[in-house]
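Listed below, chain by chain, are the residues.
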Amino acid sequence: MHGKLDQLQSALRSGGRTLVAYSGGVDSVFLAKVAHDTLGDKALAVIADSPSLPRRELQEALEIAEQFGFPIRVIKTEEMGDANYTSNPSNRCYFCKSELFESLAEIVKREGWQTIVYGENASDVGDYRPGAVAAKEYQVRAPLKEVGLTKMEIRELSAELGLPTADKPAMACLSSRIPYGEPVTEEALRMIEAAENVLRDAGFYEVRVRHHKNMARIEVGAEEFQKFFEEKVRGTVTQALRKIGYAYVTLDLQGYRRGSANEVLVKLKE
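The structure contained in this document is the topic of the report that follows. Residue indices follow the written sequence of each chain, beginning from 1 at its first position. Only residues with pLDDT of 70 or above have their local features reported here, since the model is predicted, and side-chain atom pairs are shown and tallied only from 80 upward, although totals for entire chains, interfaces and linings are computed over all residues. Values reported for side chains reflect all heavy atoms of the structure, with hydrogen atoms and water molecules removed beforehand.

Right, let's get into the overall build of the chain. Each helix and strand counted, the chain has twelve helices and seven strands in total. Both definitions apply: the radius of gyration is a C-alpha atom measure, and the globule rule equals 2.2 Å times residues to the power 0.38. For 270 residues, the compact-globule estimate of 2.2 N^0.38 gives 18 Å, and the chain sits close to it at 19 Å. Buried positions account for 48% of the 270 residues belonging to the chain. Throughout, a contact is declared for two residues whenever any of their heavy atoms are within 4.5 Å. Pairs at least 24 residues apart make up 72% of the contacts formed inside the chain by residues separated by at least 6 positions. The secondary structure listing takes helices from DSSP runs of H or I that are at least 4 residues long and strands from runs of E that are at least 2 residues long, numbered from the N terminus. Here the term buried applies to any residue with accessible area under 20% of the maximum for its type, exposed to any over 50%, and partly exposed to those in between, with areas from a 1.4 Å probe on protein chains only.

Moving on: the sheet that holds strand S4 (residues 115-117). By definition, the strands of a sheet pair up through backbone hydrogen bonds, in either a parallel or an antiparallel sense. Criterion used throughout: strands pair if DSSP finds at least two bridges between them. Here we have four strands laid out as an open sheet, ordered S3-S2-S1-S4, and parallel in their pairing. With partners counted over all chains shown, the strands left at the sheet margins are strand S3 (72-76) and S4, one partner each. Each strand of the sheet is rotated relative to its neighbour by a mean of 30 degrees, with strand direction disregarded. For strand S1 (residues 18-22) and S4, the ladder comprises three bridges, and the chain directions are parallel. Residue Leu19 lies in a different strand from S4, and its bridge partner there is Ile116. For helices, the fitted axis covers only the stretch in contact; all axes are lines through C-alpha atoms, and the angles between them, taken along N-to-C directions, range from 0 to 180 degrees.

Time to look at the sheet that holds strand S6 (residues 215-220). Taken together, the three strands give an open sheet; going across it, the order is S5-S6-S7, and neighbouring strands pair in mixed fashion. Each of the sheet's edge strands pairs with one partner strand only, and the pair in question is strand S5 (207-212) and strand S7 (248-251). In this sheet, neighbouring strand axes are inclined to one another by 25 degrees on average, regardless of whether the strands run parallel or antiparallel. One ladder, built from six bridges, connects S5 with S6; its direction is antiparallel. Counterpart to His212 in the pairing with S6 is Met215. Of the strands in this sheet, S5 and S6 are in contact with helix H9 (residues 186-201), which crosses S5 at around 145 degrees.

Right, here's the structure in full:
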């Protein structure tokens with residue numbers, strides 16, 4: 001594992017002045033920290049601010065950068081102005097990442113940076129990841145994947161570095177909570193964000209609120225079902241989500257699982 005860390009540092013040094021696509025998640029925080037430790041002021045973390053990024057996530061991402069002393073820049077991305085994105089096709093992530101990488105490419109050209117990197121890792125290989133197609137088109141490197149670092153290894157190394165994201169739950173953008181084919185709107189994203197905040201404030205760890213028009217389909221870890229069924233918790237969550245705008249509040253009995261929004265794509269292929 002530490003040999004892979006050495007390889008990662010070598011890969012980063014080979015890229016020269018580097019922009020790190022930063023989100024505040026496990027992988028990008030680790031990558032930004034190692035890039036800063038390796039390259040110093042030749043590395044810059046860049047986070048894209050848009051309606052699909054929860055406000056809490058943005059604030060936490062900025063606080064981590066300040067805590068560990070790596071420079072960061074916030075840019076605004078405009079994927080919500082792209083009908084290819086808001087129509088929510090199965091390759092929605094491609095259009096989001098294309099918008100991000102186009103913005104980063106402009107910074108590279110304008111300011112003389114040499115390389116763009118992002119946090120895809122070796123555990124992502126084989127997943128349905130349209131964003132990786134955009135990365136290839138814009139020649140964005142995935143050094144974590146290049147050196148074979150898995151998600152578990154990244155978490156372990158993050159803990160050694162003292163990063164608070166070492167045990168952070170997986171986090172995808174808010175748009176991923178909307179079923180493919182249903183439009184992505186700012187109103188829907190606000191509802192999802194508020195609903196997930198309610199659940200996290202109630203003490204749930206791994207949370208998704210799948211947005212089905214006027215129905216919220218809640219996913220939490222199966223081990224947290226018992227907590228959800230406590231009368232006070234269930235009543236508080238239901239009342240809060242109805243105030244947010246959901247007429248129906250349901251619990252997915254399969255529990256949280258990564259990429260559940262893609263299950264419909266698998267069924268279509270069968």
